[in-house]
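# Secondary and tertiary structure notes
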Amino acid sequence: MLSEKMTKALNEQVAFELYSGYIYWSMAGWCADRGLNGAANWMMMQAGEELFHAHKMNAYVIERGGRAKMLKIDEPRFEWGSLLEVFQNALEHERSVTSRINNLVDLAVAERDHASTTFLQWYVTEQVEEESNAENIINQLKLIGNDGRGLLMIDRELATRTFTWPAPAADAT
Ligand code: OFO
């Protein structure tokens, strides 16, 4: 069974993962508003991943006998100056998520909660990908600078991203 402290920390992270989804939905809206439909697609797929991160963690809290509590979700940022700034902001956010996941692992280790330590490894690995994805796009956007054709090419590439909600058996919860 989860400790009260671990339950509270996981419930807070569930809300933060939903907040991540809110952020990416907001970024998708900004991109679509500027005709960057590929980037908007990328953000929508990312938001889908975030909802899955929240779902997976909430299911774990319930499975371990914790009391799942839905907490308040903040309103995300609405405006950015450029697509580069959007992705820089996304990377900054992902780094804060990584730090929160690391804190959760520290708590699980301190409590000798081996099940949670193992469960959280999935998120540790996922964060490597989350940061790397944003970093790669930032590097490409920096390379093209103010070149409109380059931006269109990147936008086409971002349009190809897909996300499929994992099947329950692959849920690992
Ligand atoms: Fe859930 O990893 Fe991004 O925020």
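Notes on the structure in this doc start here. Please read all numbers here as calculations on a predicted model, not as lab measurements.

## Re the overall build of the protein chain
For the protein chain, the count of helices and strands is five helices and zero strands. Going residue by residue from the N terminus, the α and β elements of the protein chain occur as α-α-α-α-α. Against the 2.2 N^0.38 benchmark of 16 Å for 173 residues, the protein chain shows a C-alpha radius of gyration of 17 Å, consistent with a compact globule. Classification of the 173 residues of the protein chain by burial places 48% in the buried group.

## Some details on helix α3 (residues 83–110)
Between its terminal C-alpha atoms α3 stretches 41 Å, which fits the 40 Å expected from 28 residues at 1.5 Å a residue. At the C-terminal side of α3, R112 shows a positive phi close to 55 degrees.

## As for the pattern of salt bridges
A full pass over the atoms with the stated rule returns seven salt bridges. With its nearest N and O atoms 3.5 Å apart, the salt bridge here joins R34 to D33. Residue class for D33 comes out exposed when judged on its relative accessible area of 61%. Between R34 and E79 there is a salt bridge; the shortest N-O distance is 3.7 Å. Taken together, the residues R34 in the loop between α1 (4–33) and α2 (37–63) and E79 in the loop between α2 and α3 connect sequence positions 45 residues apart. Here R34 falls in the partly exposed class, since its relative accessible area comes to 41%.

## Some thoughts on the packing of aromatic side chains
Centre distance and the angle of the planes are the two values used to describe a pair of aromatic rings. Following the criterion strictly, the structure yields 10 aromatic pairs and no others. Residues F16 and Y19 carry aromatic rings whose centres are separated by 5.5 Å and whose planes lie at 55 degrees to one another, so their mutual orientation is tilted. Of this pair, F16 and Y19 both sit in helix α1, three residues apart, roughly one helical turn. The same class applies to F16 as to Y19, namely buried. With centroids separated by 5.3 Å and ring planes inclined at 85 degrees, the aromatic side chains of F52 and W165 adopt a geometry described as edge-to-face. On the criterion of sequence distance, the pair formed by F52 in helix α2 and W165 in the segment after α5 (148–158) is long-range, its members being 113 residues apart. For F52, a relative accessible area of 4% gives the class buried. The aromatic ring of W122 is capped on one face by K56, whose charged end is 4.6 Å from the ring centroid.

Conventions and cut-offs
- Residues numbered from 1 in each chain as written.
- Predicted model: local features only at pLDDT ≥ 70, side-chain atom pairs only at ≥ 80, totals over all residues.
- Heavy atoms only, no water.
- Helix = DSSP H or I, 4+ residues; strand = E, 2+ residues; numbered from the N terminus.
- Rg over C-alpha atoms; globule rule 2.2 N^0.38 Å.
- Buried < 20%, exposed > 50% of the residue type's maximum accessible area, 1.4 Å probe, protein only.
- Expected span 1.5 Å × (residues − 1).
- Salt bridge = Lys/Arg side-chain N within 4 Å of Asp/Glu carboxyl O.
- Phe/Tyr/Trp six-rings, centres within 6.5 Å; stacked < 30°, edge-to-face > 60°.
- Lys NZ or Arg CZ within 6 Å of the ring centre and 35° of its normal.

Spatial relationships are all this shows, so hold off on functional conclusions.
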